[in-house]
Amino acid sequence: MTVESTAARKPRRSAAGKTGTTGSKAAGTTGTRRATAKKPTDAQPELVQLLTPEGKRVKNAEYDPFVADITADELRGLYRDMVLTRRFDAEATSLQRQGELGLWASLLGQEAAQIGSGRATREDDYVFPTYREHGVAWCRGVDPANLLGMFRGVNNGGWDPNSNNFHLYTIVIGSQTLHATGYAMGIAKDGADSAVIAYFGDGASSQGDVAEAFTFSAVYNAPVVFFCQNNQWAISEPTEKQTRVPLYQRAQGFGFPGVRVDGNDVLACLAVTKWALERARRGEGPTLVEAYTYRMGAHTTSDDPTRYRHDDERVAWEAKDPIARLRGYLESETDTNEGFFAELEAESEALGRRVREVVRAMPDPDHFAIFENAYADGHALVDEERAQFAAYQASFADVDVEEGE
């Protein structure tokens, strides 16, 4: 294992204009003690890393076996996955800015965590995402255009979860970890040789649902991997305001292992997730994987990260870009030539054009479809609400007629 320190954040100032946060009053003293701001020399916990930010291979006796047989073509496939996922993500962000989408949650900077873990899954495994797992959806064969319907407001999901074993996006923070645990418990009872993986962020790790999922999965030895993408910011709250210990260490208190992996290293994410999933399939229970990465952009397109974090932090993490890291390795250690990158660039642009065309061609939804499946046999209250909504819709037609006159 290697230790990769992160760029320190500048200390924030309180309303009184002093750095630090107010702590508890020490016994026998008359003043309050303030927490010390993070220093550039503060040591970070060890993390699994197989590729350095410069694209150099690092040996790791424990996890090397899980990627020992990976070929140059497969490495190029991982690179392609990350590039096309980033292109799709950038196009979706642009579409939102142009008014074509109501909202978008970007994955910029988290491509390695998602592609590495997503490619570690088997077809019969089941994935429970949040609302940012565009790269994992890509790995599971979900058409990128289908991800956009919900954000455009024309459907409530856009794909059949069972066709790709990829659940619908979950907006309620942390609830999908309980869904994943229940599904994994069912798999165990059925005796199936498959596993479940649940994605969530560092902010969700503070939710009670996640703690409950940890408890149930540990007690029932459920075959589930909890994959936490620690991008260090829960909207505007940094991780150090949510936990006093590294997130992966929380697993110890629930009785199962946790591991921190370099979330910008696609090879390490692939290896660690393979290990955790195989562990689950052998009946050894849950694992918590903390992918230590960074959200380079905004939390969503409604967020302005410049209000709560410094540019130098982002610049420091851009030097650890997951795509540049793998490209460096491909160029120095494989026979990958410029033709590959040029073809991929053309494929990337074609994907962007297709996404734009598909989104703008999406038909408006049936306004009354929402009432059809609320109850299997109908309900008087739903009938009343449908009638009220119909009258509301009809009122707009009256306005249009008056304006036309």
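From a predicted model like this one, the values you see are computed outputs, not experimental measurements. (Residues numbered from 1 in each chain as written. Predicted model: local features only at pLDDT ≥ 70, side-chain atom pairs only at ≥ 80, totals over all residues. Heavy atoms only, no water.)

## Digging into the pairing of strand β7 (residues 287–292)
A regular strand carries its side chains on alternate faces of the sheet.
Then comes step 1: Within β7, six of the six residues are buried, which leaves it mostly tucked inside the rest of the structure.
Then comes step 2: Alternating residues of β7 divide into T287, V289 and A291 and L288, E290 and Y292, and every residue in both groups is buried.
Then comes step 3: Taken together, the six bridges between strand β3 (residues 224–230) and β7 define a ladder with parallel strand orientation. Across the sheet, residue F226 finds its bridge partner in β7, namely L288.
Then comes step 4: When strand β6 (residues 258–262) meets β7, the two strands line up parallel, connected through five bridges. Counterpart to G258 in the pairing with β7 is L288.
Then comes step 5: Handedness of the β-α-β unit built from β6, helix α9 (residues 266–281) and β7 comes out right-handed. (Buried < 20%, exposed > 50% of the residue type's maximum accessible area, 1.4 Å probe, protein only. Helix = DSSP H or I, 4+ residues; strand = E, 2+ residues; numbered from the N terminus. Pairing = 2+ DSSP bridges. Right-handed = clockwise from strand over helix to strand, strands pointing away.)

## Details of helix α4 (residues 144–152)
Then comes step 1: Every buried residue of α4 is listed here: P144, A145, L147, L148, G149 and F151.
Then comes step 2: Contacts from the buried residues of α4 go to α1 (72–97), α3 (134–139) and α12 (338–360).
Then comes step 3: Among the residues of α4, the N-terminal cap falls to D143, whose side-chain oxygen and the backbone nitrogen of A145 are separated by 3.0 Å.
Then comes step 4: After α4 finishes, the residue G153 shows a positive phi value of roughly 85°. (Contact = heavy atoms within 4.5 Å. Polar contact = N/O pair within 3.5 Å; in protein donor to acceptor, adjacent residues only side chain to side chain.)

## Some words on the side chain of D303
Then comes step 1: Among the structural elements, D303 can be located in the loop between β7 and α10 (311–318).
Then comes step 2: Of the polar contacts made by the side chain of D303, one reaches the backbone nitrogen of H299; its length is 2.9 Å.
Then comes step 3: When sequence neighbours within four positions are dropped, the list of residues in contact with D303 reads I235, R295, A298 and Y308.

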